[in-house]
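Remarks on the overall topology
Below, each chain spelled out in residue letters.
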Amino acid sequence: MVDDSARCHYPAVSTGSKQLDQLLTGLLPGDNVVWQVDSLDEYSRFAVLFARQSVLSGGKCIYLRFAGHEAILKPTDGVEINLLDPAEGFDSFSHKVHDIIEDRGGGSSFIFDNLSALVDRWATDELLADFYQVICPYIYELKSIAYFALNRDQHDYSSIAKIKTTTQILLSIYRAGGSSYIHPL
């Protein structure tokens, strides 16, 4: 487990949503935020707010686009879109993502497509969890912030447990009665 006591020296970063900022007391440099979702619409809504806030704050916002689903972010001034192909295999894909993170430097904001789409290409939840366990600590080390999504109830318990023990923030977002609810896990 990472010692977060040293992180208190950094100012909170806005998510772009006042309600989410209140719930989380903002984000800290190094935070990896994983959203468990039933629908990508909810993830996209919060990712767009975070991207907008990142750009308004003068930071770099990088969108890693690799899934067949509708784009989480549309082309926008200040948002860099990187197209990647996970069909090239785990090692090649992970290396390219690592290089993008390294090239953009610390303090950047990264928004990823739905990680669940990687299982379609790699056919195993274990590789999905391994990918997350490789990328998340590097983002943390560089004091960047990243958003990720996972489809709820699609992955085996051990893979979700690996992600849960690696991430700084795991949120479950769901809709009921026409309202959205966020449950920090």
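Going by the structure above, here's the rest.
Not measured: the values here are computed from a predicted model.

1. Here's the deal with the packing of aromatic side chains
Applying the stated criterion across every chain yields a total of eleven aromatic pairs. Seen from their ring centres, W35 and Y147 are 5.7 Å apart, and the 55° between their planes marks the pair as tilted. With W35 in strand β1 (residues 32-37) and Y147 in strand β5 (residues 145-151), this residue pair connects regions lying 112 residues apart in the sequence. As far as burial versus exposure is concerned, W35 and Y147 are alike and both buried. Relative to F131, the ring of F93 lies with its centre 5.3 Å away and its plane at 45°, an arrangement referred to as tilted. Here F131 lies in helix α5 (residues 125-141) and F93 lies in helix α3 (residues 90-104), a separation of 38 residues in the sequence. In this pair, the class of F93 matches that of F131, namely buried. Among the aromatic residues, ring-to-ring pairing joins F66, F90, F93, W122 and F131 into one connected group.

2. Describing the nonpolar core
Counting 31 residues, the largest nonpolar core has V97, F112, L115, F131 and F148 as the members making the most contacts within it. Among the elements that take part in this core, α5 stands out by supplying seven residues, more than any other. F131 has contacts with F90, F93, S94, V97, F112, L115, L118 and W122, leaving out every residue within four places of it along the chain. Listed in part, the 24 residues of the second largest apolar core include L27, W35, Y43 and L171.

3. A word on helix α2 (residues 40-56)
Over its 17 residues, α2 runs 24 Å from end to end, which matches the ideal 24 Å to within 8%, given 1.5 Å per residue. Every buried residue belonging to α2 is among L40, E42, Y43, S44, F46, A47, F50, A51 and S54, and all of these are buried. Between a side-chain oxygen at the N-terminus of α2 and the backbone nitrogen of D41 the separation is 3.2 Å; the capping residue is S39. G58, located one to two residues past α2, shows a positive phi value of around 85°.

4. Things to note about the packing of α5 against helix α6 (residues 157-166)
How two helices sit against one another is set out by the angle between their axes and by the gap between those axes. One can describe the packing of α5 onto α6 by two numbers: an axis separation of 9 Å at closest approach and a directional angle of 5°. With respect to α6, the element α5 is oriented roughly parallel. Mapping the contact onto sequence places D125, E126, A129, D130, Y132, Q133, C136 and P137 in α5 and S159, K162, I163 and T166 in α6. By residue class, the composition of the contact of α5 with α6 is five nonpolar, three polar and four charged.

Basis of the calculations
- Residues numbered from 1 in each chain as written.
- Predicted model: local features only at pLDDT ≥ 70, side-chain atom pairs only at ≥ 80, totals over all residues.
- Heavy atoms only, no water.
- Phe/Tyr/Trp six-rings, centres within 6.5 Å; stacked < 30°, edge-to-face > 60°.
- Helix = DSSP H or I, 4+ residues; strand = E, 2+ residues; numbered from the N terminus.
- Buried < 20%, exposed > 50% of the residue type's maximum accessible area, 1.4 Å probe, protein only.
- Core = buried A, V, L, I, M, F, W, Y, C linked by side-chain atoms within 4.5 Å.
- Contact = heavy atoms within 4.5 Å.
- Expected span 1.5 Å × (residues − 1).
- Polar contact = N/O pair within 3.5 Å; in protein donor to acceptor, adjacent residues only side chain to side chain.
- Axes fitted to C-alpha atoms, helices over the stretch in contact; angles between N-to-C directions.
- Parallel < 35°, antiparallel > 145°, perpendicular 65-115°, else oblique.
- Nonpolar A, V, L, I, M, F, W, Y, C, P; charged D, E, K, R; others polar.

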